[in-house]
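Below are the chains, spelled out letter by letter.
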Amino acid sequence: MIAAFRNRIDAFLGRGAHSTSVPVMDGPLQPNHALDHAELFLNAEGVDNLVDLGGALGFSSGARLMRAAGGTAEEIASFEADIACLASDGAGALAVGLDGAGIVLQGGAHDGRRIEALGGAKLICPTAALFLDPDTLIVAVGSEQHARTEWKRDLMALGQSGSVWRVDLGSGSEDCLARGMGFPYGLAADGDGIVVSEAWRHRLVRLGKSGAGAVTPVLANLPGYPARLAPAHGSGYWMAVFAPRNQLVEFVLRETRFRQDMTAQVAPEFWIAPALSSGDSYREPLQGGAVKQMGILKPWAPVWSYGLVVRLDADFQPVASWHSRADGKRHGVTSVCEHGGRLAVAAKGPGELLLMDEVTITGEVV
């Protein structure tokens, strides 16, 4: 009752969850051009998920599972739908999430098994998976209404139908760890808990591995939409941020009639919404405005896409970051993975697989 009353007051005053303000990138998130200076490993249209395949670097490209080596890539498997997530148990088993078609296991003791539904609902939007052991898989479901390729529509519909599940691959039992989430997009094991990146609420939260206990925020009010998480060598984690927040999008998210008309009448690539890449069409929002001066796009101009990788410490607090700003092109970072002492970065916007030097992985040099 008190929470509902406070929410009504916040809505009237435009504060709290009803505020359109966006946190600035400061401190460990201070902007730079480090991603634009990173080494290009290879071009791969649609590069998305990265995974360590026992010493080799694997990645998804549409419906294909690829292996990168020596600046080239070879296809090692293909599926009936786009790959939505990848997870390896480190012993030969691979969980492959398919957009609109559940999860299929390859290799290991459960080779060939499929997970097509969770909690009685068809699994159409697997966004991340994590092996706790060879028989236990954690699955993040981004939405019950929209496939992963329709993430922008889920955001504009204020989607809060995401969930996280624990699946026993041996017995087939499943336990819901959390419901009502705003597009959970990344998973990381943390002692007795699971840390989840909740994209539409711009935060990381911790869940109990058994589903017991409350959902606890560990990092809130991020300036962008967090995607997948990956462990860092030594300690800590990596976090990919696939798009920036801006005040215009925050305002549109609070204008129901405008959003409904926009999503019904305008093509998604021209919505006032975050994107994995931008600047390719004059029909994009703001292109007729003053985002350019003397014909040059300034690095601080408001944009729909951005490139950002964040190094987190063992308590999931940011300690360093690598950026591709408004005037850069390496936007839409959806996944990162350490490989051979370097950090591989999937910039899905331009379709580039990047490598960052070992010295930058330590967070000492940006």
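Residues numbered from 1 in each chain as written. Predicted model: local features only at pLDDT ≥ 70, side-chain atom pairs only at ≥ 80, totals over all residues. Heavy atoms only, no water.

Named according to an unreviewed UniProt entry, the protein chain is Strictosidine synthase originating from Salipiger abyssi.

A. The overall build of the protein chain, seen in detail. Scanning the protein chain for helices and strands turns up 5 helices and 28 strands. Whereas a compact globule of 366 residues would reach a radius of gyration of roughly 21 Å, the protein chain reaches 20 Å, a difference of no more than 12%. For the protein chain, the C-alpha atoms occupy an extent of roughly 55 × 55 × 40 Å along the three principal directions. Of all 366 residues assigned to the protein chain, the portion counted as buried reaches 51%. Of the contacts formed within the protein chain by residues at least 6 apart in sequence, a portion of 52% connects residues at least 24 apart. Surface exposure of the protein chain reaches about 16,000 Å², of which carbon and sulfur atoms provide 50%. Looking at charge distribution, the protein chain has the averaged site of its 31 positive side-chain charges lying 8 Å from that of its 40 negative ones. (Helix = DSSP H or I, 4+ residues; strand = E, 2+ residues; numbered from the N terminus. Rg over C-alpha atoms; globule rule 2.2 N^0.38 Å. Buried < 20%, exposed > 50% of the residue type's maximum accessible area, 1.4 Å probe, protein only. Contact = heavy atoms within 4.5 Å. Areas by Shrake-Rupley, 256 points an atom, 1.4 Å probe, with all protein chains shown as cover. Lys, Arg positive; Asp, Glu negative; His and termini not counted. Charge placed at Lys NZ, Arg CZ, Asp CG, Glu CD.)

B. The sheet that holds strand β25 (residues 318-324), seen in detail. Pairing is antiparallel in the open sheet, where 4 strands are placed in the order β20-β21-β24-β25. The strands lining the two open edges of the sheet, one partner per strand, are β20 (224-231) and β25. Across the sheet, the mean angle separating the axes of adjacent strands is 20 degrees when strand polarity is ignored. Here strand β24 (residues 307-312) runs beside β25; their pairing, made up of 6 bridges, is antiparallel. Paired with valine 309 across the two strands is tryptophan 322, which belongs to β25. (Pairing = 2+ DSSP bridges. Axes fitted to C-alpha atoms, helices over the stretch in contact; angles between N-to-C directions.)

C. How the structure looks around the side chain of arginine 228. Secondary-structure assignment places arginine 228 in strand β20. Here arginine 228 falls in the buried class, since its relative accessible area comes to 8%. Polar contacts involving the side chain of arginine 228 include one to the main-chain carbonyl oxygen of alanine 84, which spans 2.8 Å. At a separation of 3.2 Å, a polar atom in the side chain of arginine 228 contacts the main-chain carbonyl oxygen of threonine 334. (Polar contact = N/O pair within 3.5 Å; in protein donor to acceptor, adjacent residues only side chain to side chain.)

D. A look at the packing of aromatic side chains. Summed over all chains, the structure comprises 10 aromatic pairs. Taking 5.5 Å as the distance between ring centres and 65 degrees as the angle between the ring planes, the aromatic pair formed by tyrosine 185 and phenylalanine 242 counts as edge-to-face. Placement of the pair is tyrosine 185 in strand β16 (residues 184-190) and phenylalanine 242 in strand β21 (residues 237-244), with a sequence separation of 57 residues. For tyrosine 185, a relative accessible area of 7% translates into the label buried. A ring pair is formed by tyrosine 225 and phenylalanine 242, whose centres lie 5.9 Å apart and whose planes are at 35 degrees; its orientation type is tilted. (Phe/Tyr/Trp six-rings, centres within 6.5 Å; stacked < 30°, edge-to-face > 60°.)

E. Inspection of the pattern of salt bridges at higher detail. Following the criterion strictly, the structure yields 17 salt bridges and no others. In this structure, the salt-bridge partner of arginine 228 is aspartate 48, at a minimum N-O distance of 3.1 Å. Taken together, the positions of arginine 228 in strand β20 and aspartate 48 in strand β2 (residues 47-53) put the pair 180 residues apart, joining distant regions of the chain. The pair formed by arginine 228 and aspartate 48 is uniform in burial state, with each residue classed as buried. A salt bridge links glutamate 198 to arginine 201; its shortest N-O distance comes to 2.7 Å. Ionic contacts of the salt-bridge type, sharing partners, join the residues Asp48, Arg148, Arg228 and Lys348 into one network. (Salt bridge = Lys/Arg side-chain N within 4 Å of Asp/Glu carboxyl O.)

F. Inspection of the nonpolar core at higher detail. Of all hydrophobic cores here, the largest spans 40 residues; its most connected members are Tyr225, Phe242, Val309 and Val345. When contributions to this core are tallied by element, the ones reaching two or more residues are α2 (151-156), β20, β21, α3 (247-252), β25, β26 (333-339), β27 (342-347) and β28 (352-356). The element best represented in this core is β21, accounting for 4 residues. Not counting chain neighbours up to four residues away, the residues in contact with valine 345 comprise Leu35, Leu50, Val309, Val333, Ser335, Val336, Glu352, Leu353, Leu354 and Met356. Grouped together as the second largest cluster of nonpolar side chains are 17 residues, Ala87, Leu118, Phe131 and Leu169 included. (Core = buried A, V, L, I, M, F, W, Y, C linked by side-chain atoms within 4.5 Å.)

G. Representation of the environment of leucine 229 within the structure. Along the chain, the position of leucine 229 falls in strand β20. A C-alpha to C-alpha distance of 7.5 Å links leucine 229 and serine 197, two positions 32 residues apart in sequence. Aside from chain neighbours lying at most four places away, what touches leucine 229 is Gly186, Leu187, Ala188, Val195, Ser197, Leu204, Trp238 and Met239.

H. Main features of the sheet that holds strand β13 (residues 136-141). Spatial ordering of the open sheet is given by β12-β13-β14-β15, a layout of 4 strands whose pairing is antiparallel. Edge positions in the open sheet fall to β12 (126-133) and β15 (174-181), since each of these has one partner strand only. Sheet twist, expressed as the average angle between the axes of neighbouring strands with direction ignored, equals 15 degrees.

I. Region of interest: the pairing of β27. Of all the 6 residues making up β27, 5 are buried; the element is thus mostly covered by neighbouring parts of the structure. Where β26 lies against β27, 6 bridges are found, and the strand directions are antiparallel. From the neighbouring strand, histidine 339 faces β27, where its bridge partner is arginine 342. The antiparallel pairing of β26 with β27 creates a hairpin that spans 2 residues between the two strands, and glycine 340 there sits at a positive phi of about 60 degrees.

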